[in-house]
Amino acid sequence: MDAPVDRLAAYQVSTQTALDLLALATLWFVVVPPWHYAPDVRGIAWAIRIALSVVYGIDLAIRSILAGRPVHYVLGSTDKARSAPS
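Notes on the structure follow.

Cut-offs used in this document
- Along each chain, the written sequence defines residue order, and numbers are assigned to residues from 1.
- Per-residue local features of the predicted model are confined to residues with pLDDT of at least 70, and side-chain atom pairs are confined, for both listing and counting, to 80 or more; whole-chain, interface and lining totals are unaffected and use all residues.
- The basis for every side-chain value is the complete set of non-hydrogen atoms in the structure, without hydrogens or water.
- Helix and strand definitions follow DSSP, with helices as H or I runs of at least four residues and strands as E runs of at least two, each counted in order from the N terminus.
- Under the rule applied, a polar contact is a pair of N or O atoms within 3.5 Å (in protein, one hydrogen donor and one hydrogen acceptor; residues adjacent in sequence only if both atoms are side-chain atoms).
- Contacts are residue-level and defined by heavy atoms, with any inter-residue pair within 4.5 Å sufficient.
- An expected span of 1.5 Å times one less than the residue number is assigned to each helix.
- Exposure classes here rest on a 1.4 Å probe applied to the protein chains alone. A residue is buried below 20% of its type maximum, exposed above 50%, and partly exposed in between.
- Bend at a given residue is defined as the angle between two axes, one fitted to the seven residues that end at that position and one fitted to the seven that begin there.
- Any carboxyl oxygen of Asp or Glu within 4 Å of a side-chain nitrogen of Lys or Arg constitutes a salt bridge here.
- All axes here are fitted lines through C-alpha atoms, helices being fitted over the stretch that makes contact, and every angle between N-to-C directions spans 0 to 180 degrees.
- The scheme is simple: roughly parallel for angles under 35 degrees, roughly antiparallel for over 145, roughly perpendicular for 65 to 115, oblique for anything else.
- Should the near helix be turned counterclockwise from the far one by less than a right angle, the crossing is left-handed, whereas a clockwise turn marks it as right-handed.
- Basically, the charged four are Asp, Glu, Lys and Arg, the nonpolar ten are Ala, Val, Leu, Ile, Met, Phe, Trp, Tyr, Cys and Pro, and anything else, Gly included, counts as polar.
- For patch building, the residue pool is restricted to those with more than 30% relative accessible area and no salt bridge; the joining distance is 9 Å between like charges and 5 Å between nonpolar side chains (Val, Leu, Ile, Met, Phe, Trp, Tyr).
- Shrake-Rupley sampling with a 1.4 Å probe provides the accessible areas, and residues are treated as covered by the protein chains on show and by no other component.

### Observations regarding the side chain of threonine 15
Its location among the elements puts threonine 15 in helix 1 (residues 3-25). A polar atom in the side chain of threonine 15 sits 2.9 Å from the backbone oxygen of tyrosine 11. Filtering out sequence-adjacent residues up to four positions away, threonine 15 remains in contact with Asp59 and Arg63.

### What to know about helix 3 (residues 39-67)
Residues lying three or four places apart along an α-helix face the same way, a consequence of the helix completing one turn every 3.6 residues. Helix length check: helix 3, at 29 residues, gives a terminal C-alpha distance of 42 Å against a target of 42 Å (1.5 Å per residue), a fit within 8%. Taken residue by residue, helix 3 has Ala45, Leu52, Asp59, Arg63, Ser64, Leu66 and Ala67 as its buried positions. Where helix 3 is buried, its residues contact helix 1, helix 2 (27-31) and helix 4 (70-75).

### A few points about helix 1
Here helix 1 is 23 residues long and its end C-alpha atoms lie 33 Å apart, about the 33 Å a rise of 1.5 Å per residue gives. Taken as a whole, helix 1 carries its principal kink of about 45 degrees at threonine 15. Residues of helix 1 that are buried include every one of Leu8, Tyr11, Thr15 and Leu19, and no others. The secondary structure elements touched by the buried residues of helix 1 are helix 3 and helix 4.

### Quick look at the pattern of salt bridges
Taken as a whole and judged by the stated rule, the model has 1 salt bridge. Across the pair aspartate 59 and arginine 63 runs a salt bridge, and its minimum N-O distance is 2.8 Å. With a gap of 4 residues between them, aspartate 59 and arginine 63 both fall in helix 3, about one helical turn apart. Here aspartate 59 falls in the buried class, since its relative accessible area comes to 9%.

### Some details on the packing of helix 1 against helix 3
The contact between helix 1 and helix 3 brings their axes to 9 Å, and the two run at 165 degrees. In terms of their interaxial angle, helix 1 and helix 3 are classed as roughly antiparallel. Read as a crossing pair, helix 1 and helix 3 show a hand that is left-handed. Judged by residue contacts, Pro4, Arg7, Leu8, Tyr11, Gln12, Thr15, Leu19, Leu22 and Ala23 of helix 1 engage Leu52, Val55, Tyr56, Asp59, Ile62, Arg63, Ile65, Leu66 and Ala67 from helix 3. Here the contact of helix 1 with helix 3 is built from residues that sort into 13 nonpolar, 2 polar and 3 charged.

### Side note on a nonpolar patch on the surface
Together, Trp35, Trp46, Ile50, Val54, Ile58 and Ile62 make up an exposed nonpolar region whose accessible area comes to about 610 Å². Inspection of the secondary structure assignment puts isoleucine 58 in helix 3.

Listed below in C-alpha cells is the structure:
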C-alpha cells in the first residue's frame, strides 16, 4: 500500500465509531423533515441538520484529501473499482 491509502485507512479506523454513533444519535433529525416539527422547535431542527451536514462535509473533505485524488474519491471512481472483476 502507498502512503495516501495508509493515511486514509488510519483516519477511517479512528473516526468510524464516532461518526457512526453521531449518525445513530441524530437519525431522527435527518429522517423527519424540519417542517414536521412544532414552530418553536423548527429552528433547532434546522440548526441540527445544518450542523450534521457541516460535520460530514468536513469528514468528506478530509477523506478526499487523504486519498490523494480528491475528485476521484468524492465521485467514487477509482481505478481499482473499475478494474475489479464483477
